[in-house]
Amino acid sequence: MRHRKFQELIGAYADGELREADRPRVEEHLKTCLECRRDLEFIRDLDRHPKTSPSVPRETEYWASFSGRVRAGIDRRQAGAPASRVAEVEMFKDSFYRPESVTRVRAAVFPLSLAAHVAILLLLIVLPLMRTGELPTVEVFSAFLAPPPPPPPPPPPPAKKKSAATSARIKRVQATAQVEPGRLVAPVEIPEQIAEEALSDIGVEGGVEGGVEGGVVGGVLGGVVGGVLGGVVGEVEAPVRAIGDVKPPKLVKSVDPDYPEIARQARVEGIVIVEATTDVYGRVIGVKVLRSIPLLDQAAIDAVRQWVYEPMIINGRPRPVVFMVTVRFQLKMTPLPG
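Residues numbered from 1 in each chain as written. Predicted model: local features only at pLDDT ≥ 70, side-chain atom pairs only at ≥ 80, totals over all residues. Heavy atoms only, no water.

1. What about the side chain of T278?
Selection criterion: The helix count covers DSSP runs of H or I at least four residues long, the strand count covers runs of E at least two residues long, and both are numbered beginning at the N terminus. Contacts are residue-level and defined by heavy atoms, with any inter-residue pair within 4.5 Å sufficient.
Assignment of secondary structure puts T278 in strand β3 (residues 270-278). Setting aside its immediate chain neighbours within four residues, T278 contacts R283, V284, I285, Y309, P320, V321 and F323.

2. Side note on the sheet that holds strand β4 (residues 284-291)
Sheet strands line up and pair through hydrogen bonds in the backbone, either parallel or antiparallel. What counts, and what does not: Only strands joined by at least two bridges in the DSSP assignment are considered to pair.
The strand order across the open sheet built from four strands is β1-β8-β3-β4, with neighbouring strands paired in mixed fashion. Where the open sheet ends on each side, the last strands, each with one partner, are β1 (240-241) and β4. The sheet contact formed by β1 and strand β8 (residues 321-329) spans two bridges and is parallel. Its bridge partner being in β8, V240 is matched across the sheet by V321.

3. Notes on the pairing of β8
Across a regular strand the side chains alternate sides, sitting on one face of the sheet and then on the other. Sheet topology places β3 next to β8; nine bridges connect them, and they run antiparallel. In the strand pairing of β8, A276 is matched with F323.

4. Quick word on the nonpolar core
Cut-off, in case you're wondering: Definition used in this section: a nonpolar core is a set of buried Ala, Val, Leu, Ile, Met, Phe, Trp, Tyr and Cys residues joined via side-chain atoms within 4.5 Å. Only protein chains enter the accessibility calculation, which uses a 1.4 Å probe; a residue is then buried when its area is under 20% of its type maximum, exposed when over 50%, and partly exposed in between.
Counting residues in hydrophobic clusters, the biggest one holds 24 residues, and the most contacted among them are V304, W307, V325 and F329. Contributing elements (two or more residues each) for this core: β3, β4, α10 (297-304) and β8. Within the second largest apolar cluster, 10 residues are counted, among which are F6, L18, L30 and L40.

5. Examining the pattern of salt bridges
For clarity, the threshold we go by: A carboxyl oxygen of Asp or Glu within 4 Å of a side-chain nitrogen of Lys or Arg is what we treat as a salt bridge.
The final tally for this structure, using the stated rule, is six salt bridges. A salt bridge links R25 to D22; its shortest N-O distance comes to 2.4 Å. Of the charged contacts, one joins E261 and R264 as a salt bridge, the two residues approaching to 3.9 Å between their closest N and O atoms. Residue E261 and its partner R264 are both found in helix α9 (residues 261-265); the two are separated by three residues, about one turn of the helix. Its relative accessible area of 48% is what places E261 among the partly exposed residues. When its relative accessible area of 37% is taken as the criterion, R264 is described as partly exposed.

6. Some words on the packing of helix α1 (residues 3-15) against helix α2 (residues 23-32)
Under the convention used in this document: Every axis in this analysis is a line fitted to C-alpha atoms, fitted for helices over the stretch in contact. Angles between the N-to-C directions lie between 0 and 180 degrees. Should an angle fall under 35 degrees it is taken as roughly parallel, and over 145 as roughly antiparallel, whereas 65 to 115 is taken as roughly perpendicular and any remaining angle as oblique. Note: crossing handedness is left-handed where the near helix turns anticlockwise from the far helix by less than a right angle, and right-handed where it turns clockwise. Residues were grouped as follows: Ala, Val, Leu, Ile, Met, Phe, Trp, Tyr, Cys and Pro as nonpolar; Asp, Glu, Lys and Arg as charged; and all remaining residues, including Gly, as polar.
One can describe the packing of α1 onto α2 by two numbers: an axis separation of 10 Å at closest approach and a directional angle of 110°. The angle between the axes of α1 and α2 places the two elements in the roughly perpendicular class. Judged by the sense of rotation from one axis to the other, the crossing of α1 with α2 is left-handed. The segment α1 lies against α2, with H3, F6, L9, I10 and Y13 engaging R23, R25, V26, E27, H29 and L30. For the contact of α1 with α2, the per-class residue count stands at six nonpolar, two polar and three charged.

If you want it as structure tokens, here you go:
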């Protein structure tokens, strides 16, 4: 058995109520355990003390006079004797709760105190608002502002005096230097007076063979009136389709398409394929949608119309080109041309 188990059996062993089977083991344990022997001796010492309580002195006289003392107390209460009242109060002051007499006074004063505090708080808020202090006086002056008079007109400019040199008639001066027709030659000497040139009809007498009436001197033979310098003679040729060996032109200038706000809110993205047609200068003059995304088509068309490509040169002459362009729209990314 454990030590704690033996401690529990010591009480039964001291009272003689322990079983015969456990008694030898408890006795063997008491021989080796000093603490258990002390507990056994302590229990036996308790048994030696008398088990009856001593009699209360004058107990018989107390109970014999109890009824008389109660009757005397009742008589004193009815008579209103102050001495008994004081004695009763001193006797039971620790046993009974008597409410203080100021409770009613406090209950009546509390609303008055609350109203006084509220009134003081309102005064502290309202009084500073009512005291505006000395406000600055505002002086109002009536003034009429008239616009300034207009400035006087400037004096007329002085009359120009005719110089004698300009009033004199320009005399014709014969140039001594030899001038070759059709060749510009710088003058050797600066003449004092400029000879008046003889006016004649523009054009060559008899005209130029193959020329047009009203043509320009130095014009191109076979040119058209109102034509463009360096223009191509003849009809404009049909555009070439970039298929097979004919590669699409190189992109020179691109403009990123604007992502439509309604497509951004609808989370629409994808690829729009258009067919672009360029002129001989590489500018896009026609756009046709081949693969459509309704919310993104117009943005792709507007962007491609602003692109510029390198002119397509075929057999030494610029030609219009038709080719496909891919425009990619992707959310959270800048749309790039395909």
